[in-house]
Amino acid sequence: MCNYPVNKSASFSQYKCPPTIEVLGIGTAAAAPDRAIVVIGAIIEGPVLPAVQTENAKIVTTIIQSLLKLNIPREKIQTYDFGIEIQYDYQDGKQIFRGYKVTHLLQITNDRVELTGILVDTAVSSGANNITDIKFTTSQPEFYENQALSLAIRNARQKAVTIANTLGVTLVTVPSQIQEMTGTSEPIPYATTMLSKSTVTPIQPGQLTIYAKVRVWYLFADR
């Protein structure tokens, strides 16, 4: 616990805990996305489960083969979601069996973002009837995170200098403590469902923003 001298005219050196300025610094870095993550697949419904499963499997297999022809590596294609649900209708408070719904969604990681529209259209042409999500991100997050972190530290120092100048005190150049807070990146979403077939879907990657935040403590002394 810090103890402060009773004498208000005492110098800062008499404090057992040196006077400190605490500030928050925020930094952002912009990146051109170079990676697209697409979740796409087939949802099939019908009264006979084996038939529904077979139809769904054929469509998903066709989608995978079409993506491989686009030179999407097989290891970049993985099952994202698979499920079988019983479907019911409700009439006059009664539950009536309608059939089954089979869902099989694939997650495709594509490092050629300019081909995202072609990838989507190829999958749709191959039978895909559901696109859960499209997100754009970067393959080098650490590089941009470090940029944002550096800017956050500079932002914190600028705030501390402003406070010190306003108070008429001298700021110690090197901070006494720095705490990195949770930084975030914002993948750019392009969410849609049940897309219809088209020639080329115009999907734009936009710009990715990476955030960093720090809490910084600076010591200061009277002038």
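(A) Structural context of the overall build of the protein. In terms of regular secondary structure, the protein is built from 3 helices and 9 strands. Listed N to C, the secondary structure of the protein is β-β-α-β-β-α-β-α-β-β-β-β in terms of helices and strands. For the protein, the proportion of its 223 residues judged to be buried stands at 35%. Considering only contacts within the protein whose residues lie at least 6 apart along the sequence, 80% involve residues at least 24 apart. When the accessible area of the protein is evaluated, it comes to approximately 13300 Å², of which 52% is carbon and sulfur surface.

(B) Main features of a nonpolar patch on the surface. Together, I86, Y88, Y90 and F97 give the surface a local cluster of nonpolar side chains, amounting to about 420 Å² of exposed area. At 3 residues, strand β3 (residues 77-91) tops the list of elements feeding residues into the nonpolar patch.

(C) Quick peek at the confidence of the model for the protein. A residue-level look at the protein finds 84% of positions with pLDDT of 70 or above and a mean pLDDT of 86. Within the protein, no element has a lower average pLDDT than strand β8 (residues 188-189), which sits at 56, and none a higher one than helix α1 (residues 49-69), at 97. pLDDT under 50 marks residues 191-198. Its contacts with residues more than four places away, or in other chains, come to 17 contacts.

(D) Expanded view of the pairing of strand β9 (residues 208-222). Bridge count for strand β1 (residues 20-31) against β9 is 12 bridges, and the pairing is antiparallel. Residue pairing across strands places T20 opposite L219, the latter belonging to β9. Where strand β6 (residues 169-171) meets β9, 3 bridges bridge the pair, whose relative direction is antiparallel. Each residue of the ladder has a partner; that of L171, found in β9, is F220.

(E) Fine view of unusual backbone geometry. Positive phi is not limited to glycine here, since N71 has a value of about 70°. Looking at the secondary structure, you find N71 in the loop between α1 and β3. Owing to a relative accessible area of 60%, N71 belongs among the exposed residues under this scheme. The phi angle at D92 is positive, at roughly 55°, despite the residue not being glycine. Mapped onto the elements of the fold, D92 is located in the loop between β3 and β4 (94-110).

Calculation notes
- Residues numbered from 1 in each chain as written.
- Predicted model: local features only at pLDDT ≥ 70, side-chain atom pairs only at ≥ 80, totals over all residues.
- Heavy atoms only, no water.
- Helix = DSSP H or I, 4+ residues; strand = E, 2+ residues; numbered from the N terminus.
- Buried < 20%, exposed > 50% of the residue type's maximum accessible area, 1.4 Å probe, protein only.
- Contact = heavy atoms within 4.5 Å.
- Areas by Shrake-Rupley, 256 points an atom, 1.4 Å probe, with all protein chains shown as cover.
- Patch = residues over 30% accessible without salt bridge, like charges linked within 9 Å, V, L, I, M, F, W, Y side chains within 5 Å.
- Salt bridge = Lys/Arg side-chain N within 4 Å of Asp/Glu carboxyl O.
- pLDDT = per-residue confidence, 0-100.
- Pairing = 2+ DSSP bridges.

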